[in-house]
Amino acid sequence: MDAIQDFNTLGSIRTTKYGETFEGFKKGEDNKEPLSPMAQLLHEPGSNMYIICFIGLKTKIRPDVIKENLVNTFVKNHRFSSLQVRDKGKGSMKWIPTHVNIDDHVIIAEVDPNIKSPDKFVENYILNLSRSGIESTKPLWDFHLIDVKTSEAEGTCVFRCHHSIGDGMSLTNLLMSCTRKVSDPDSVPTIPGMDKLGAAKVANLWSRLGVFWNTFVALLMFVLTGLFLEDTKSPMKGSKGVEGRPRRFVTRSVSLEDIKFVKRAMNVTFTDVVLGVTQAGMYRYIRERYNDKNMDSPHNMRIRATIPFNLRTTMRINDFTHKDVDSTWGNKIGYSLLPFDIRHKKDPLDYVRHANATMKRKKASLEPLFTYYFTKLFQMLFGTKVTGELTHKVLHKTTLIFSNIPGPRDEITLFGHKVAYLAPSCYGQPYALMINVVSYMDKVMFVMSVDEETIPDPQKLCDAFEESLLNINASA
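Rules and cut-offs
Residues numbered from 1 in each chain as written. Predicted model: local features only at pLDDT ≥ 70, side-chain atom pairs only at ≥ 80, totals over all residues. Heavy atoms only, no water. Helix = DSSP H or I, 4+ residues; strand = E, 2+ residues; numbered from the N terminus. Contact = heavy atoms within 4.5 Å. Areas by Shrake-Rupley, 256 points an atom, 1.4 Å probe, with all protein chains shown as cover. Pairing = 2+ DSSP bridges. Core = buried A, V, L, I, M, F, W, Y, C linked by side-chain atoms within 4.5 Å. Buried < 20%, exposed > 50% of the residue type's maximum accessible area, 1.4 Å probe, protein only. Phe/Tyr/Trp six-rings, centres within 6.5 Å; stacked < 30°, edge-to-face > 60°. Lys NZ or Arg CZ within 6 Å of the ring centre and 35° of its normal. Axes fitted to C-alpha atoms, helices over the stretch in contact; angles between N-to-C directions. Parallel < 35°, antiparallel > 145°, perpendicular 65-115°, else oblique. Left-handed = near helix turned anticlockwise from the far one by under 90°. Nonpolar A, V, L, I, M, F, W, Y, C, P; charged D, E, K, R; others polar. Polar contact = N/O pair within 3.5 Å; in protein donor to acceptor, adjacent residues only side chain to side chain. Salt bridge = Lys/Arg side-chain N within 4 Å of Asp/Glu carboxyl O. Expected span 1.5 Å × (residues − 1).

Q: I'm lost on the overall build of the protein in this one. Help?
A: The secondary structure content of the protein amounts to 12 helices and 16 strands. A separation of at least 24 residues holds for 80% of the contacts in the protein among residues at least 6 apart in sequence. Roughly 21100 Å² of accessible area belongs to the protein as shown, and the carbon and sulfur atoms make up 53% of that amount.

Q: Would you mind going over the sheet that holds strand S3 (residues 82-86) with me for this structure?
A: Two pairing modes exist for strands in a sheet, parallel and antiparallel, and in both the strands are linked by backbone hydrogen bonds. Across the sheet, which stays open at both edges, the three strands sit in the order S1-S4-S3 with antiparallel pairing between neighbours. Strands with a single pairing partner mark the edges of an open sheet, and in this sheet they are strand S1 (33-34) and S3.

Q: Explain the nonpolar core here, please?
A: Note that soluble globular proteins tend to have their nonpolar side chains buried in a common cluster. In this structure, Trp141 and Phe143 are the most contacted members of the largest nonpolar core, which totals 63 residues. Per-element accounting of this core gives the leading share, seven residues, to strand S2 (residues 50-57). Sequence-distant contacts of tryptophan 141, that is, excluding residues within four places in its chain, are made with Leu70, Phe74, Val75, Phe80, Ile102, His105, Ile134, Phe159, Arg160, Cys161 and Ile165.

Q: Can you walk me through the pairing of S3 in this structure?
A: The side chains of a regular strand alternate, residue by residue, between the two faces of the sheet. Strand direction decides the pairing type here: S3 and strand S4 (residues 93-97), joined by five bridges, are antiparallel. Along S4, the bridge assignment pairs leucine 83 with isoleucine 96. Counting the residues that bridge the hairpin from S3 to S4 gives six residues, and of these glycine 91 lies at a positive phi of roughly 85°.

Q: How should I be thinking about the environment of serine 117 in this particular structure?
A: With respect to the secondary-structure elements, serine 117 resides in the loop between strand S5 (106-108) and helix H4 (118-129). Residue serine 117 is classed as partly exposed on the basis of its relative accessible area of 37%. C-alpha of serine 117 to C-alpha of threonine 150: the two residues are 33 residues apart in sequence and 8.3 Å apart in space.

Q: Explain the side chain of threonine 387 to me, please; I cannot follow it from the model alone.
A: Looking at the secondary structure, you find threonine 387 in helix H11 (residues 384-396). By relative accessible area, threonine 387 is classed as buried at 2%.

Q: How should the packing of aromatic side chains be read in this particular structure?
A: Aromatic rings in a pair are described by how distant their centres are and how their planes are angled relative to each other. The full count for this structure, using the stated rule, is 15 aromatic pairs. Note on phenylalanine 74 and tryptophan 141: the rings are 5.7 Å apart at their centroids and 50° apart in plane angle, and the pair reads as tilted. Of the two residues, phenylalanine 74 sits in the loop between helix H2 (63-72) and S3 while tryptophan 141 sits in strand S6 (residues 141-146), which places them 67 residues apart along the sequence. An identical accessibility class is assigned to phenylalanine 74 and tryptophan 141; each is buried. Lying across the ring of tyrosine 351, lysine 345 places its NZ or CZ 5.8 Å from the centre.

Q: Teacher, can you tell me more about the packing of helix H8 (residues 270-292) against helix H9 (residues 349-363) here?
A: How two helices sit against one another is set out by the angle between their axes and by the gap between those axes. Across the interface, H8 lies against H9 with an axial gap of 8 Å and an inter-helix angle of 125°. Taken as axis vectors, H8 and H9 run oblique relative to one another. Pair H8 / H9 crosses with right-handed handedness. Counted together, Thr271, Asp272, Val273, Leu275, Gly276, Gln279, Ala280 and Tyr283 of H8 and Tyr351, Val352, His354, Ala355, Asn356 and Met359 of H9 form the full contact between these two elements. Looking at the contact of H8 with H9 residue by residue, the class counts come to eight nonpolar, five polar and one charged.

Q: Would you mind showing me how to read the sheet that holds strand S12 (residues 400-405) here?
A: Spatially, the six strands line up as an open sheet ordered S9-S16-S15-S12-S10-S11, and their pairing is mixed. Taken across any chain shown, the strands that pair with only one partner, and hence form the sheet edges, are strand S9 (248-255) and strand S11 (333-340). Taking the axes of each pair of neighbouring strands and ignoring which way they run, one obtains an average angle of 25° across the sheet. Contacts between H9 and the sheet are confined to strand S10 (303-310) and S11, with S11 contributing the most and set at about 145° to the helix.

Q: Teacher, can you tell me more about the side chain of aspartate 231 here?
A: Within the secondary structure, aspartate 231 sits in the loop between helix H6 (208-227) and S9. A polar atom in the side chain of aspartate 231 sits 2.7 Å from the side chain of threonine 399. Those residues in contact with aspartate 231, other than ones at most four positions away along the chain, are Lys237, Arg302, Ile303, Arg304, Lys397, Thr398 and Thr399.

Q: Help me out: how do you make sense of the packing of H8 against helix H12 (residues 458-475) in this one?
A: Across the interface, H8 lies against H12 with an axial gap of 8 Å and an inter-helix angle of 125°. Considering their axes alone, H8 and H12 lie oblique with respect to each other. H8 and H12 meet at a crossing whose hand is right-handed. On H12, the residues touching Gly276, Val277, Thr278, Ala280, Gly281, Met282, Arg284 and Tyr285 of H8 are Lys460, Leu461, Ala464, Phe465, Glu467, Ser468, Leu469, Asn471 and Ile472. Grouping the amino acids of the contact of H8 with H12 by side-chain chemistry returns nine nonpolar, five polar and three charged.

Q: Looking at this structure, I do not really get the pattern of salt bridges. What am I missing?
A: Two side chains carrying opposite charge are able to pair once their charged atoms lie near each other. Counted under the stated rule, the structure contains 22 salt bridges. The closest approach of N and O atoms between arginine 248 and glutamate 123, which form a salt bridge, is 3.1 Å. Of this pair, arginine 248 sits in strand S9 while glutamate 123 sits in helix H4; the two residues are 125 residues apart in sequence, bridging distant segments of the chain. No difference in accessibility class separates arginine 248 from glutamate 123, as the two residues are buried. Residues joined in a network through salt bridges with shared partners are Lys120, Glu123, Arg248 and Glu452.

Q: Before we go on, may I ask you to explain H8 in this structure?
A: Three- or four-residue spacings in an α-helix give side chains the same orientation, since the helix completes a turn every 3.6 residues. The terminal C-alpha atoms of H8, which comprises 23 residues, lie 33 Å apart, in line with the 33 Å expected from a rise of 1.5 Å per residue. Counting buried residues along H8, 19 of its 23 residues qualify, which places the element largely inside the surrounding structure.

Q: Can you walk me through unusual backbone geometry in this structure?
A: Backbone geometry follows two general trends: most residues other than glycine have a negative phi, and most peptide bonds adopt the trans configuration. Although it is not a glycine, asparagine 267 adopts a positive phi angle of roughly 55°. Examined against the element boundaries, asparagine 267 turns out to sit in the loop between helix H7 (256-266) and H8. Residue classification places asparagine 267 among the exposed residues on the basis of a relative accessible area of 69%. In the Ramachandran plot, phenylalanine 415 falls in the positive-phi region, its phi being about 50° despite a non-glycine side chain. Classification of phenylalanine 415 as buried rests on a relative accessible area of 1%.

The structure is reproduced here in structure tokens:
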């Protein structure tokens, strides 16, 4: 209990409608703040996504402790204590402060004490969450507590919220601000520096001419994709309507030291290594799927990943209970289309070399910045509905989305509960496959969000990734 003394608890679980809890709204003024254009875009069909993060705990879950601390952290942020209401006349959406009953947002799962497979129960529970969204009659977030021991944790928390509340970086920072180091309960965890993916930070990597050329080629590919350029139909490519189907979430942990060994041996980045492993693993899996049908896999498949790039200049952990600290909140991400090389290679390290060369071009480009501002400009000129349709059209023509998120290097507690693992993901995206890579302590976890109609055997996909890392590590 010592670790949670940093979070002052409130005597009443139900908050008031106005007051200090809603610091983003000034008294005496119209308390209907409009959603940003990007947040409204995330309510359009095909882009209506939810962020989900399941957190394994090393100790038994104490629901009352979690509820009290959520009131003093999440609920103090106006995005977590406001409804998103559409103006029927204008069609736009606004934040409207509301009463928050924490019991409406914290759901305690009913668990059969004689359950035969706890791991499968947790997996299926999260799968069922992806079958639907959250009722718009309350703020669009919830926190599920699954108090059952699995192979990796004593209990599991599942945090879910609508993507319009914030992007992955916003929500990662919010969660991390609610954690403390086990070794120092007064300190927030240390997050290792991410590869400098922000487009605004990469202009000096090449000459201005090189940056201009890379940006021009990248934007041309976006235009061609919107017009006609589509990825090869493969065992990874989702069919029409994939965004509306439930998701199976599977994970596979590997050694962080194995990744670092390849990184040092090849003088590349962490992202290069995990992208290389991803390409090698996807080739291995696709080859096996074609072999099962007694077919040869195509030699020149076009498979591209959509990569989100954080556009913020700062990413430090801070107090995110306020309306907007250092412009942290919102959806401030641009996108790049990254071509994958899904072919047999005699030297497994060639997968990493290809990833390194491709990422160098992407980092020496303003593609994420341009896609972000072009989307906003297009939305201003043609409206949210048309922009949503175009965005879905472009993204659905690629195969997957890939994200690399650095996690704490220290062991942490969440509201006094020691954390065993962190596994963020999404559902509602127009892809059959989403891959999130997150590091925590001495482990790296690949988190897969899959459409089972397209990928019916996601554990085989995880096996392919793990075997590919072993081969790359041996070659290095």
